[in-house]
Amino acid sequence: MTATENDIARVWRNARLATLKESLPGLGIVENGAIAVIDGRIAFAGPEAELPAEFAKAESVDCEGRWITPGLIDCHTHLVHAGDRAHEFELRLAGASYEEIARAGGGIVSSVKALRAASEDDLVRETLPRLDALIAEGVTTVEMKSGYGLDTENELKSLRAARRIADERDVTVRTTFLGAHALPPEMNGDKTAYIKQVVTEMLPAVAAEGLADAVDGFCEGIAFSTAEMTEVFEAAKAHGLPVKLHADQLSNLHGAELAARYGALSADHLEYTDDAGAAAMARAGTVAVILPGAFYFIRETKKPPVDLFRKHGVRMAVATDANPGTSPLTSLLLTMNMAATLFGMTVEECIAGTTREAARALGLVDEVGTLEAGKWADFVLWNIGRPAELVYRMGFNPMHARIRSGY
């Protein structure tokens, strides 16, 4: 990519880069680095001494030795919801389990009632503050799932709200249809009929409006079986949509293997995934999305098998799982600390997990997630002495500036 007189070019100089390039070791660190941007895309990212001469007259920003990373990416959220579930939090403190609350009509079903009562405008208004908290910490791309509507009208409403939010804020939003999230009360326990509704009514309507970038589901004893999720995945395939899966969170139903069989972009949670599941994910290139917020909040004790993922070479992303019931978390920086402290992930794994691997989990690794020529110029300047500070600190935001598409 070269600059011409009509191009809008800018250069960030005197910086230390964590490029996350896979051709470089570790975080892909470049000391005394520079980033050149043309019309919103990176034209050069590397040693300032190698900056092409064509950028000599470009507008220049002195980074004063600050660190630059790719923009952070939250690849698993349920940001679009109405109300909260603070009452359930109190019940858990009193000893009730997540499954007990769900089976008693709480959990996801209570969020369904709140979302159905909310208008699309209400959803946009309630979601924006949650998104703003992520943006304030350097997030430039965020995934938003539906799954609290659980009928065609309200699933569409949720996804339309998510699409609108992308117009309200300077952020890339990827939307995921999660109709197979829970069984709505009006189905009276008939999972077969509900999955038929997801497959033959909801998904075609979502696809017809172009409202989803992927299809997800909750494969668990309190949700849907692998056979039921297979029906959803077949329908997604027919509509040309990639899949993701909430898998192996509370038990091992072999959801990771199911996700891998369909070439899923990611399988998420994964606390109970076994060796066979990890091996299948590695073969398929399915990213393991680690979600410490939910593990912490519902006081689980079974940790995701990080060592197994390392053994098999499974890529690992890290995300907030921001949702009202099990992870009311809107800090990706804190999430990285939790992944390191609770699960033993390394600094490199946490930072890669919220940049390059998070992009991979959304099917966007060719566009964002690293500082490389040709990708969108989404990056963050940090007031830190070393990248480990992004993982080490709790409740402290060292962001200096957030750049999206070169601005």
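Residues numbered from 1 in each chain as written. Predicted model: local features only at pLDDT ≥ 70, side-chain atom pairs only at ≥ 80, totals over all residues. Heavy atoms only, no water.

1. Some remarks on the overall build of the protein
Defined as follows: Each helix is a run of DSSP H or I of at least 4 residues and each strand a run of E of at least 2, with the numbering of both proceeding from the N terminus. Note that the radius of gyration is over C-alpha atoms, with the globule rule given as 2.2 Å times the number of residues to the power 0.38. The rule is simple: take the accessible area with a 1.4 Å probe, protein chains only, and divide by the maximum for that residue type; under 20% is buried, over 50% is exposed, in between is partly exposed. By definition, residues are in contact when any of their heavy atoms lie within 4.5 Å. Computed with a 1.4 Å probe, the accessible areas rest on the Shrake-Rupley method; for each residue, only the protein chains presented here act as cover.
Within the protein, the secondary structure is distributed over 15 helices and 15 strands. For the protein, whose C-alpha radius of gyration is 21 Å, the value lies close to the compact-globule estimate of 22 Å for 407 residues. The dimensions of the protein, computed from C-alpha atoms along their principal axes, are 70 × 40 × 40 Å. Put simply, the protein has 407 residues, and 58% of those count as buried. Taking contacts inside the protein between residues at least 6 apart in sequence as the whole, the part at least 24 apart equals 72%. On the protein, roughly 15,500 Å² of surface is accessible, and the fraction owed to carbon and sulfur atoms is 50%.

2. A short note on the packing of aromatic side chains
Here is the rule we go by: Planes of paired rings set the category: under 30 degrees apart is stacked, over 60 is edge-to-face and the rest tilted, where pairs are Phe, Tyr or Trp rings (Trp by its six-membered ring) whose centres lie within 6.5 Å. For a lysine, the NZ atom is tested; for an arginine, the CZ atom; a charge sits over a ring if that atom is within 6 Å of the ring centre and within 35 degrees of the ring normal.
One pass over the full model with this rule turns up 5 aromatic pairs. Here Phe 295 and Phe 343 contribute two aromatic rings whose centre-to-centre distance is 4.9 Å and whose plane-to-plane angle is 75°, an arrangement assigned as edge-to-face. Remark: Phe 343 occurs in helix H12 (residues 332–343) and Phe 295 occurs in helix H10 (residues 292–297); sequence separation between them is 48 residues. You can call Phe 295 buried: its relative accessible area is 7%. Take Phe 343: its relative accessible area is 9%, and that puts it in the buried class. Over the face of the ring belonging to Trp 376 we find Arg 41, whose NZ or CZ atom lies 3.9 Å from the ring centre. One cation-aromatic arrangement involves Lys 191 over Phe 224; the distance from NZ or CZ to the ring centre is 5.8 Å.

3. A look at the environment of Lys 196
Within the secondary structure layout, Lys 196 lies in helix H6 (residues 191–208). Take Lys 196: its relative accessible area is 56%, and that puts it in the exposed class. The spatial distance from the C-alpha of Lys 196 to the C-alpha of Ser 331 is 37 Å, given a sequence separation of 135 residues.

4. Some points on the UniProt feature "binding site: Fe(3+)" (unreviewed entry) in the protein
Heads up, the rule is: UniProt positions are given in the numbering used here, feature names are shortened, and annotations may be inferred rather than shown by experiment. By the criterion applied in these results, polar contacts are pairs of N or O atoms within 3.5 Å in which, for protein atoms, one can donate a hydrogen and the other can accept it, and in which residues neighboring in sequence qualify only through two side-chain atoms.
In the numbering used here, UniProt assigns the "binding site: Fe(3+)" (unreviewed entry) feature to His 76, His 78, His 246 and Asp 321. With the annotated positions falling across 246 residues, the maximum pairwise C-alpha distance of 12.3 Å places them together in a single cluster. Take His 76: its relative accessible area is 0%, and that puts it in the buried class. Among all residues touching His 76, those that are not within four sequence positions of it are Glu 143, Lys 145, His 246, Asp 268, His 269, Val 289, Leu 291, Ala 319, Thr 320, Asp 321 and Ala 322. At 3.2 Å, the side chain of His 76 forms a polar contact with the side chain of His 78. With respect to the secondary-structure elements, His 246 resides in strand E10 (residues 244–247). A polar atom in the side chain of His 246 sits 3.2 Å from the side chain of Asp 216.

5. Describing the side chain of Ser 266
Mapped onto the elements of the fold, Ser 266 is located in strand E11 (residues 266–269). Residue Ser 266 is classed as buried on the basis of its relative accessible area of 0%. Here Lys 244 takes part through its side chain, which lies 2.9 Å from a polar atom of the side chain of Ser 266. Sequence-distant contacts of Ser 266, that is, excluding residues within four places in its chain, are made with Val 243, Lys 244, Leu 245, Thr 286, Val 287, Val 289 and Ala 361.

6. Concerning unusual backbone geometry
With phi around 50°, Asn 188 is a residue other than glycine that occupies positive phi space. The residue Asn 188 is located in the loop between strand E8 (172–180) and H6 in this model. On the accessibility criterion, Asn 188 (69% relative accessible area) is exposed. Of note in this structure, Leu 270 is not a glycine but carries a positive phi near 70°. Relative to the helices and strands, Leu 270 is located in the loop between E11 and helix H9 (275–284).

7. Side note on the nonpolar core
To keep it simple, the criterion reads: Put simply, a nonpolar core is a bunch of buried Ala, Val, Leu, Ile, Met, Phe, Trp, Tyr and Cys residues held in one set by side-chain atoms that sit within 4.5 Å of each other. The split into domains, and so the bounds of each, comes from an automatic or database assignment of domains.
Grouped together as the largest cluster of nonpolar side chains are 92 residues, with contacts concentrated most on Val 142, Met 144, Phe 177, Met 229, Phe 309 and Met 345. The residue makeup of this core includes at least three contributed by each of domain 1 (10–70 + 370–403) and domain 2 (72–362). Excluding residues that lie within four positions of it along the chain, Met 229 makes contacts with Ala 180, Asp 216, Gly 217, Phe 218, Cys 219, Phe 224, Leu 245 and Leu 258.

8. Describing the UniProt feature "binding site: N-formimidoyl-L-glutamate" (unreviewed entry) in the protein
Under the UniProt annotation, the feature "binding site: N-formimidoyl-L-glutamate" (unreviewed entry) is placed at Tyr 148, Asn 323 and Gly 325. These annotated residues cover 178 residues of sequence, and their C-alpha atoms all fall within 11.4 Å of one another, placing them together at a single site. Examined against the element boundaries, Tyr 148 turns out to sit in the loop between strand E7 (139–145) and helix H5 (152–168). By relative accessible area, Tyr 148 is classed as buried at 2%. In contact with Tyr 148, not counting residues within four places along its chain, are His 78, Val 80, His 81, Arg 85, Ile 108, Ser 111, Val 112, Leu 115, Glu 155, His 181, Asn 323 and Pro 324. Looking at where Gly 325 falls in the secondary structure, it is placed in the loop between strand E13 (316–318) and H12.

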